[in-house]
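A structural walkthrough
Spelled out from the first residue to the last, the chains are:
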Amino acid sequence: MLAQVLVSSVTAGAVYALIALGFVLIHKGTGVVHFGYGDQVTFGAYLVLIAQMAVTGLPFWPAVFIALVVSALLGALIYGGFMWPLRNASLLAKIIASLALGTVLREFVRAFMGPNAWPFPFLLSQTAVPVGGVLVVPANLAIVGVSLGILAILFLLFEKTLFGKAIMAACDNRIGASLIGVRVSHVFLLIWVVASVLATVAGVLVAPLLTLSPDMGLIGIKGFTAAVLGGFNSLPGAVLGGILLGILEALVGTYISSALKDMISYGILIAVILIRPQGLLGGLLVKKV
Amino acid sequence: MTEALLRIENVSVRFGGLVALDSVTLEVAPGSIQAVIGPNGAGKSTLLNVITGLYTASGGSILFRGERIDGRTPHAITRRGIARTFQNTELFGEMTALENVMISLDRFYAYGGVTAAWQGRHYRQIETSARDEARELLALVGLAGDENEAAATLPFGKQRRLEIARALATRPGLLLLDEPAAGLRAAEIDALNRILLDLRAQRQISILVIDHVMPLVMAISDRIAVLNFGRKIAEGTPDAVRRSPDVIAAYLGEKAAHAVGS
Amino acid sequence: MPLRPLLFAAAILAFFAAPQLLPEFYLFQICLIAGTALAVLGLVVVTGLAGQISLAQSAFVALGGYGASILAASWGVPLWAGIPVVAVVVAGLGFLLGQMTLRVAGHYLALATLAVTAIVQLALIHWEALTGGAAGMAVPPFEIMGRALTSGRELYYVIVPVTALFILTAQNLIASRFGRALTAIRQSETAAEAMGLDVLRYKAAAFAASAFLGAVAGGLLAPLSTYLDPAQYGITYAIYFLAIAVVGGMTSPTGAVIGSAVFVLLPNYLQAFQSYLGLVFALLLLGFIVLRPNGLSSLPWLRQAGALLHRTTGPKP
Ligand SMILES: Nc1ncnc2c1ncn2[C@@H]1O[C@H](COP(=O)(O)OP(=O)(O)OP(=O)(O)O)[C@@H](O)[C@H]1O
Ligand SMILES: [Mg+2]
């Protein structure tokens, strides 16, 4: 029983981890916390449906491809149209803008695709396969695999390559970065594009598991919690935080009360913010004056 | 010898692995102008920040008028009589010069919420006196006429002086200045020196001033301490410090020290 | 300077004339604008002035509405007494939440307050015995001196004066040392501390004020809507308040009224596009924060009118 709960919970955890990775990528790379990211995940899944509606008879995979391309453009639009003009604005304005972006996407979907849930196809088989006494679902396993794969790629990119170091330089010290020839605006643009594509990947994977409705983006809070739990600047922390949150929720849901499940994760969010704001794997910063 | 106004004893500050201050001991005598100089990253600003409670010391103690102030909140330390300016000016940019100064004064011209909500005669009287004192302080630093300019729109030199007026409005016994002369022209530096000397003479305010540039500090300070890599490497009268080979080495490198020494 | 008394007289005249001249529909809308503006006024204080982002306003409004209604339904406390009592309790909660700003700022604060709204909403849904659960609960009528105020026309006499009182009070407090302190804290917390302000206490007080105003607004809006649905008090509602504050002008109490008027009245003109309403609101928020972050109340002609008024109220420069 416990083993089964844990195995199943890892899927939910991987979903959170995937979204948390996007948050951390944007925050680490551009210094913005994107409150609309959860809605971008939802929007990505809807893009597949919209592509299939626009071109009748379009098969699933080409539709996913189109969705990825469109979301890359969306990322560029978000940076060029909003984040770049706001680069010198107050943190408050940036937070509100990112909240607004998410709300626009959510309400766009609600207005044009209706408020109700849509069915969304699974990528892989849903039939459970027994592995060593517990049931494992390939579709769920894929999510875990994809999260870990993306983590590996991002981790290598950020920590091991010159390009990754240039990104960190751009984020920490814009003037310094431009002195050594890093075009900050290009780096930021790239990050927004990559993160937006990542959101759509997450959306396509997650939509069949959850119910695809305009409000699916609320899953973003879970992604936040995972990111905060792991340490907002740490990519491995995002994955660790996601998995941990998934397991915690499953344990509370199974052994205490399923009604309490969501409250627990919000409680965790507040507790971590208060007790250890740098998260499990992050470092604490003192404001320099 | 009289008791020190401020006494810093073996204070250390760490950021992760970096030791920004390494067991520094320093005193400010009442009525004196004490300078702290040192190259970039020596820990000068960190010293001010730990005195004013913005950073926490990882060791040592800080006494002001004989009482421990380390571990207290910054506003409590200010209320005990230590005021400061910031190296990269931290003005309330959208507020006027007058309002910037009134922020520090409001504590001395207090009134309750009901008075503020009603805005009767009593309220207007208190506000007017606060305004008058703020005007005087602005005039003192040469900002008469700039009262209603937004702080952010003032030229750099005036922003610097506004910081001093705002600090004075907390009615300090000790004024801490973080590189007040950086970026100022020669004439402005002279004016600044005169203001600081007047403050000491007329308001009995002691001053701890940080600087990079020797000549400015030299002209007005009684004693100079030199920081390098978080350690105090020399202290004494301006003349003694100028001749110290350690100090020359810190600023110009070993070679220059040898050249001067030989 | 006879401008101020003149305006005052005109406002009072308009206040008593409106119920005679306007149909119930518009009076109801005026009540809705006033109640919403009161909730947004809370955001103006905590987010606009003190610079502390809060997505908890939705929770405070919910607690005010539910708290007063539960007191009335289960213990027979009339709303006119229950609303202030609940508001004071909620203000205490706001003060505690404000203590959080000792450790948290910026996006972490946004997250934490978001979580508060989510937790309160979940509690309303799951604490069925008290709140009626997901189905919601009916609000007992607002009774005063043996008379039940049920229509917008009647509640008008309660909601509008209360809002006006708080708006005027807020305006005066903002002009005083309290508003100055909050503004300073918004621009540089470090400098404000260094100038001797107890920043944490001010921030906590700002949160308490926003909670109080939110709870009063929730309490007054409850009998107007006659029914409380927990689905309403979610994150979307918190962003709705934020949007109103941004569109009206974050730092201005009159901006809260202007913004509320826009958001309440706009749907009347978009009858044919009901399903696009959320999108329109979201686009308004996005457009304003990028292009005109100081909102409508910063429009030059409105500012001039405001300055004209203020020159007669504020202390002489
Ligand atoms: N808040 C902080 N977090 C991390 N490191 C810090 C912080 N404040 C200062 N430091 C580090 O401590 C060291 C001393 O810095 P400090 O600002 O005190 O130097 P300084 O003598 O004032 O230099 P400057 O002349 O450039 O102003 C530097 O290496 C700096 O990077
Ligand atoms: Mg410095």
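See the structure above.
Residues numbered from 1 in each chain as written. Chains lettered and ligands numbered in written order. Predicted model: local features only at pLDDT ≥ 70, side-chain atom pairs only at ≥ 80, totals over all residues. Heavy atoms only, no water.

1. A closer look at the site of ligand 1
- Every one of the 18 residues lining ligand 1 counts as a neighbour, but Gly41, Lys44, Ser45, Thr46 and Gln87 of chain B are closest to it.
- More than one chain approaches ligand 1, the contributing ones being chains A and B.
- Contacts to ligand 1 include Lys44 of chain B, whose side-chain N or O atom sits 2.7 Å from an oxygen atom.
- Protein chains shield 79% of the accessible area of ligand 1, which is 630 Å² for the free molecule.
- Among the elements of the structure, strand 2 (18-28) and helix 1 (44-51) of chain B are those that each provide at least two residues to the shell around ligand 1.
- Broken down by element, the residue count for the shell around ligand 1 peaks at three residues, all from helix 1 of chain B. (Near = heavy atom within 4 Å. Polar contact = N/O pair within 3.5 Å; in protein donor to acceptor, adjacent residues only side chain to side chain. Areas by Shrake-Rupley, 256 points an atom, 1.4 Å probe, with all protein chains shown as cover. Helix = DSSP H or I, 4+ residues; strand = E, 2+ residues; numbered from the N terminus.)

2. Let's talk about the sheet that holds strand 6 (residues 82-84) of chain B
Residue and element names in this part refer to chain B.
- Taken together, six strands build an open sheet; the order of strands is 6-7-8-3-9-10 and the sheet is mixed. Each end of this open sheet is capped by a strand with a single partner; those strands are strand 6 and strand 10 (231-236). Neighbour-to-neighbour, the strand axes of the sheet open up by a mean angle of 20°, direction not taken into account.
- Across the face of the sheet, helix 1 comes into contact with strand 3 (33-37), strand 6, strand 7 (174-178), strand 8 (206-211) and strand 9 (223-228) while running at roughly 145° to strand 8. (Pairing = 2+ DSSP bridges. Axes fitted to C-alpha atoms, helices over the stretch in contact; angles between N-to-C directions. Contact = heavy atoms within 4.5 Å.)

3. Section: the coordination of the magnesium ion (ligand 2)
Residue and element names in this part refer to chain B.
- Only Ser45 (OG) and Gln87 (OE1) from the protein coordinate the magnesium ion (ligand 2), and they sit 1.9 to 2.1 Å from it. Within this pair, whereas Ser45 is found in helix 1, its partner Gln87 is found in the loop between strand 6 and helix 3 (97-105), the two being separated by 42 residues in sequence.
- Taking relative accessible area as the criterion, Gln87 reaches 27% and is therefore assigned partly exposed. (Donors = N, O, S within 2.8 Å, 3.2 Å for Na, K, Ca; no water. Buried < 20%, exposed > 50% of the residue type's maximum accessible area, 1.4 Å probe, protein only.)

4. Notes on helix 7 (residues 152-175) of chain C
All names here are of chain C.
- Over its 24 residues, helix 7 extends 33 Å from the first C-alpha to the last, a length consistent with the 34 Å expected when each residue adds 1.5 Å.
- Of all bends in helix 7, the biggest is about 25°, found at Val158, and the proline Pro161 comes one to four residues later.
- When we look at burial in helix 7, the residues that qualify are Gly152, Leu155, Tyr156, Val158, Ile159, Val160, Thr163, Ile167, Ala170 and Asn172. (Expected span 1.5 Å × (residues − 1). Bend = angle between axes of the 7 residues up to and from the residue.)

5. Thoughts on the environment of Phe212 of chain C
All names here are of chain C.
- Take Phe212: it is sitting in helix 10 (residues 199-225).
- Overall, Phe212 belongs to the partly exposed group, its relative accessible area being 23%.
- As a C-alpha pair, Phe212 and Thr226 span 14 residues in sequence and 21 Å in three-dimensional space.
- Each residue touching Phe212, except ones within four places of it in the same chain, is listed here: Ala87, Val88, Ala91 and Phe166.

Remember, this is a structural readout, not a statement about activity or role.
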